[in-house]
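A look at the structure
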Amino acid sequence: MSRPVRLAISGASGRMGLALLDLARDDKRFELVRAIVSPSSGRLGKAVYGDVSPMRFADWSGDGDVDVVIDFSGPDGLLAAIERCEASGAALVTGTTGLSPAIEERLAKAGESIAVLRAANFSLGVAVLTRLLREAAAALPGWDLDIVEAHHDRKEDAPSGTALALGHAAAAGRGATLDELAVYAREGRTGPRKAGTIGFAVVRGGDIVGEHQALLMGQGERIELGHRATDRSIFARGALEAAAWITGRAPGAWTIEDVIAAKV
Ligand code: NAD
């Protein structure tokens with residue numbers, strides 16, 4: 001049998017990082033070799049993740065002892081992960097959202113030399129919802145479309161990466177870009193809405209793991225498509241599947257659809 005995939009988790013002390021550690025610990029496909037925490041993390045030195053002590057990216061030389069990094073941190077953590085992966089040749093799986101165009105570009109560039117897989121949402125249900133929404137938006141081009149998302153009160157970006165990804169899919173179904181069709185809810189919006197536009201509404205509070213609802217609104221009828229995550233282990237499981245899948249792959253910018261296609 002081949003050896004387990006040597007795994008590093010970036011953002012290890014965060015909500016997703018801890019969910020990943022929980023699953024990876026019992027997954028024989030992986031050996032956890034690095035648990036990377038934020039430069040300002042107060043947990044450094046106190047916690048132990050499996051047999052691994054937490055460390056910072058700055059203290060990891062990128063010495064080729066990691067096959068794949070899973071990153072759920074933030075823009076700075078992702079940038080550091082890209083650098084370490086490029087230096088060591090490790091593959092990178094990232095779920096971090098709220099990226100600036102500059103980081104998006106940096107990620108795309110990394111795909112020229114290492115295998116990179118990025119997903120705004122690692123759940124299978126959201127992958128299917130995305131397909132359904134693309135199809136519905138295409139079939140009903142003149143209907144107004146709003147995406148309503150709800151998350152816990154600590155979430156930093158809004159609308160969520162998943163809401164934006166759903167918006168991109170719906171716009172693509174209408175043969176346009178999201179920039180061309182997006183209308184963001186704003187104070188004092190008055191007057192009629194332009195037909196076929198895509199709006200976003202954001203709810204933040206409590207411990208909501210992640211909810212997305214797409215409303216397609218016509219005259220006298222509407223369609224509601226939705227997904228509700230009740231446990232963040234679904235994202236962690238999806239990210240581990242992606243990590244197992246991408247290990248040893250050629251450089252490139254891979255997507256969660258590639259992983260799902262390989263399984264169907
Ligand atoms: P969190 O705030 O609980 O965890 C983020 C962790 O990253 C924190 O512990 C923080 O200290 C750490 N971090 C910050 N900078 C770092 C650095 N430079 N190096 C190493 N670690 C660093 O957040 P979360 O809920 O775990 O979410 C993390 C990210 O993942 C967010 O962008 C969120 O939107 C995204 N997310 C994506 C999915 C998905 O399926 N793609 C699902 C859930 C969350």
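Preceding this paragraph is the structure being described.
Residues numbered from 1 in each chain as written. Predicted model: local features only at pLDDT ≥ 70, side-chain atom pairs only at ≥ 80, totals over all residues. Heavy atoms only, no water.

1. Quick look at the sheet that holds strand β11 (residues 222-229)
Sheet strands pair via backbone hydrogen bonds, and the direction of the pair is either parallel or antiparallel. Applicable threshold: In short, DSSP must find at least two bridges between two strands for them to pair. Secondary structure elements are defined from DSSP: runs of H or I of at least 4 residues count as helices, runs of E of at least 2 residues count as strands, and each element is numbered from the N terminus. Working convention: axes come from line fits to C-alpha atoms, limited for helices to the stretch in contact. Angles between N-to-C directions cover 0 to 180 degrees. We call two residues in contact when some of their heavy atoms are within 4.5 Å.
The sheet built from five strands is open, its strands ordered β8-β9-β7-β10-β11 with mixed pairing. Single-partner strands in this sheet number two, and they are β8 (182-184) and β11. Averaged over all adjacent pairs, the angle separating strand axes in this sheet is 20°, with direction ignored. Here three bridges tie β8 to strand β9 (residues 198-204), and the two strands are oriented parallel to one another. From the neighbouring strand, Tyr-184 faces β9, where its bridge partner is Phe-200. Along the sheet, helix α5 (residues 161-173) makes contact with β7 (144-151), β8, β9 and β10 (210-217), crossing β9 at roughly 165°.

2. Details of the packing of helix α4 (residues 124-139) against α5
Selection criterion: Crossings are classed by handedness, with left-handed meaning an anticlockwise turn of the near helix from the far one by less than a right angle and right-handed meaning a clockwise turn. Amino acids are sorted into nonpolar (Ala, Val, Leu, Ile, Met, Phe, Trp, Tyr, Cys and Pro), charged (Asp, Glu, Lys and Arg) and polar (every other residue, Gly among them).
It is at 7 Å that the axes of α4 and α5 come closest, and there the two elements cross at 35°. As α4 runs across α5, the sense of the crossing is right-handed. Contacts from Val-126, Leu-129, Thr-130, Leu-133, Arg-134, Ala-137 and Ala-138 in α4 reach Thr-162, Leu-166, Ala-169, Ala-170 and Gly-173 in α5. Of the residues that constitute the contact of α4 with α5, the class distribution is eight nonpolar, three polar and one charged.

3. Quick word on the pattern of salt bridges
Counted only if it meets this: Whenever a carboxyl oxygen of Asp or Glu lies within 4 Å of a side-chain nitrogen of Lys or Arg, that contact is scored as a salt bridge. With a 1.4 Å probe rolled over the protein chains alone, any residue whose accessible area is under 20% of its type maximum counts as buried; one over 50% counts as exposed, and the rest are partly exposed.
What the rule picks out here adds up to 16 salt bridges. Two residues, Arg-193 and Asp-146, come together in a salt bridge whose shortest N-O distance is 2.8 Å. Separated by 47 residues along the polypeptide, Arg-193 in the loop between β8 and β9 and Asp-146 in strand β7 bring together distant segments of the chain. Overall, Arg-193 belongs to the partly exposed group, its relative accessible area being 27%. When its relative accessible area of 18% is taken as the criterion, Asp-146 is described as buried.

4. Let's talk about the layout of surface pockets
Cut-off, in case you're wondering: Using a 1 Å grid laid over the protein atoms alone, points where a 1.4 Å probe fits but cannot get out form a cavity; open sets with protein on both sides within 12 Å along at least 5 of 7 lines form a pocket; any residue with an atom within 4 Å of a point counts as lining. Grid points are joined across faces, edges and corners, and a volume is the space filled by probe spheres set on the points.
Estimates place the volume of the largest pocket at around 1200 Å³. Along its surface, the largest pocket is lined by 50 residues, and Arg-15, Phe-72, Ser-73, Gly-74 and Thr-96 are the ones closest to its centre. Counting residues per element, the ones that place at least two in the lining of the largest pocket are α1 (15-25), α2 (75-88), α5, β10 and β11. Here the lining of the largest pocket gets five residues from one element, more than from any other, and that element is α2. Split into classes, the residues belonging to the lining of the largest pocket amount to 15 nonpolar, 24 polar and eleven charged.

Any functional reading would require information that these geometric values do not contain.
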